[in-house]
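Commentary on secondary and tertiary structure
If you want the building blocks of each chain, they are given just below.
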Amino acid sequence: MKIAIMGAMPEEIEPLLEYFGDYKSEKVAGNTYYTTKYKDLDLVIAYSKIGKVFASLTAATMIEKFKAKKLLFSGVAGAINPKLNIGDLVVATKLCQHDLDISAFGHPFGYVPEGSVFVESDKELLKISKDVAKDLNIPLQEGIIATGDQFVADEKRKEWISKTFKADALEMEGASVAVVCEALDVPFFILRAISDSADMDAGFNFEEFLESSAKNSAKFIIHMLDILAKK
Ligand code: ADE
């Protein structure tokens, strides 16, 4: 089975490339796609660049050109839920776009006609992640992830996203990947490790913890592959 693993930034996929060691690379539409084999799985790995548009392009390319049958996203996020601390893992049960706004026409935030506010993650991949967390004795928080083309470093914006979407964490790609995967009928899984709390200090914390948190997320993804390889 072909599995896509994507991140948004180089730091989010480097731990994976380092782990697999031996891979081929191919450039498509301005991004590099790395292919390798792990156990009986064929993998395609790439970072998209930051934001919803680039993430959508990468997800669609992994599915349409590389024929990925499942997509796993690994990366970092800002915490909204105060229970989430730097380094903690959070997996999206569903995702929304916090910056999608046609409320002027009476629609809810995050909604456009023929779409939905939330896109739900694949239940089987969620179950695998729970099993992995249990096996490794690692806390894994499930929650709602809100996505937008905005690095949030502001208590007021964070509060608004929290109140409007009941979101637990926020980032800049997950929901767009979810929309692409749902449209193309590919099961997806969005994992994030917390790098900051989307507050005044978010910029500093992000720079300090991006690498270590991205590694936490990538390590967990590798354990998920071990289970997927057995299926
Ligand atoms: N990814 C990690 N931290 C973030 C933040 N504060 N805002 C948006 N995306 C993020």
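Below is a short write-up of the structure.

The rules behind the values
- Residues numbered from 1 in each chain as written.
- Predicted model: local features only at pLDDT ≥ 70, side-chain atom pairs only at ≥ 80, totals over all residues.
- Heavy atoms only, no water.
- Near = heavy atom within 4 Å.
- Polar contact = N/O pair within 3.5 Å; in protein donor to acceptor, adjacent residues only side chain to side chain.
- Areas by Shrake-Rupley, 256 points an atom, 1.4 Å probe, with all protein chains shown as cover.
- Helix = DSSP H or I, 4+ residues; strand = E, 2+ residues; numbered from the N terminus.
- Nonpolar A, V, L, I, M, F, W, Y, C, P; charged D, E, K, R; others polar.
- Buried < 20%, exposed > 50% of the residue type's maximum accessible area, 1.4 Å probe, protein only.
- Pairing = 2+ DSSP bridges.
- Expected span 1.5 Å × (residues − 1).
- Salt bridge = Lys/Arg side-chain N within 4 Å of Asp/Glu carboxyl O.
- Contact = heavy atoms within 4.5 Å.
- Lys, Arg positive; Asp, Glu negative; His and termini not counted.

**A short note on the site of the ligand**
- Around the ligand, a shell composed of 13 residues is seen, among which Gly78, Phe151, Val152, Leu170 and Asp196 lie nearest.
- At a separation of 2.8 Å, a nitrogen atom of the ligand approaches a polar backbone atom of Val152.
- Contact with the protein chains covers 97% of the free accessible surface of the ligand, which is 260 Å².
- Those elements that place two or more of their residues in the shell around the ligand are strand E5 (70-79), strand E9 (169-171) and strand E10 (188-196).
- Taken together, the residues of the shell around the ligand break down into eight nonpolar, three polar and two charged.

**Examining the pairing of strand E4 (residues 41-47)**
- Within E4, five of the seven residues are buried, which leaves it mostly tucked inside the rest of the structure.
- Pairing between strand E1 (residues 2-7) and E4: six bridges, direction parallel. What sits directly across from Ile3, in E4, is Leu43.
- Taken together, the five bridges between strand E3 (residues 31-38) and E4 define a ladder with antiparallel strand orientation. Bridge pairing in E4 links Thr36 to Leu43.
- In this antiparallel pair of consecutive strands, E3 and E4, the connection spans two residues, and Lys39 shows a positive phi of 55°.

**Some thoughts on unusual backbone geometry**
- In the Ramachandran plot, Ala29 falls in the positive-phi region, its phi being about 50° despite a non-glycine side chain.
- Here Ala29 shows up in the loop between strand E2 (24-28) and E3.
- Residue class for Ala29 comes out exposed when judged on its relative accessible area of 52%.

**Describing helix H2 (residues 52-64)**
- Here H2 contains 13 residues, and its C-alpha end-to-end distance of 18 Å stays within 8% of the 18 Å for a straight helix at 1.5 Å per residue.
- Taken together, the buried positions of H2 are occupied by Lys52, Ala55, Thr58, Ala59, Thr61, Met62 and Ile63.

**Here we look at the pattern of salt bridges**
- A complete count under the given rule lists 11 salt bridges for this structure.
- In this structure, the salt-bridge partner of Glu12 is Arg192, at a minimum N-O distance of 3.8 Å. On the criterion of sequence distance, the pair formed by Glu12 in helix H1 (residues 10-20) and Arg192 in strand E10 is long-range, its members being 180 residues apart.
- The exposure class assigned to Arg192 is buried, which follows from its relative accessible area of 1%.
- Note that Lys130 and Glu142 form a salt bridge whose closest N and O atoms lie 3.7 Å from each other. Taken together, the residues Lys130 in helix H3 (residues 123-136) and Glu142 in strand E8 (residues 140-147) connect sequence positions 12 residues apart.
- By relative accessible area, which is 47% here, Lys130 ends up partly exposed.
- Each of Glu12, Glu171, Glu173 and Arg192 takes part in a single network of salt bridges with overlapping partners.

**Some words on the environment of Asp199**
- Take Asp199: it is sitting in the loop between E10 and helix H6 (202-230).
- By relative accessible area, which is 15% here, Asp199 ends up buried.
- Sequence separation of Asp199 and Lys156 is 43 residues, and the distance between their C-alpha atoms is 8.8 Å.
- With sequence-adjacent residues up to four places away left out, Asp199 is seen in contact with Val152, Ala153, Asp154 and Glu155.

**Describing the side chain of Lys158**
- Structurally, Lys158 is set in helix H4 (residues 155-165).
- Within the buried core, Lys158 has no salt-bridge partner, and the shortest N-O distance to an opposite charge, that of Glu155, equals 4.3 Å.

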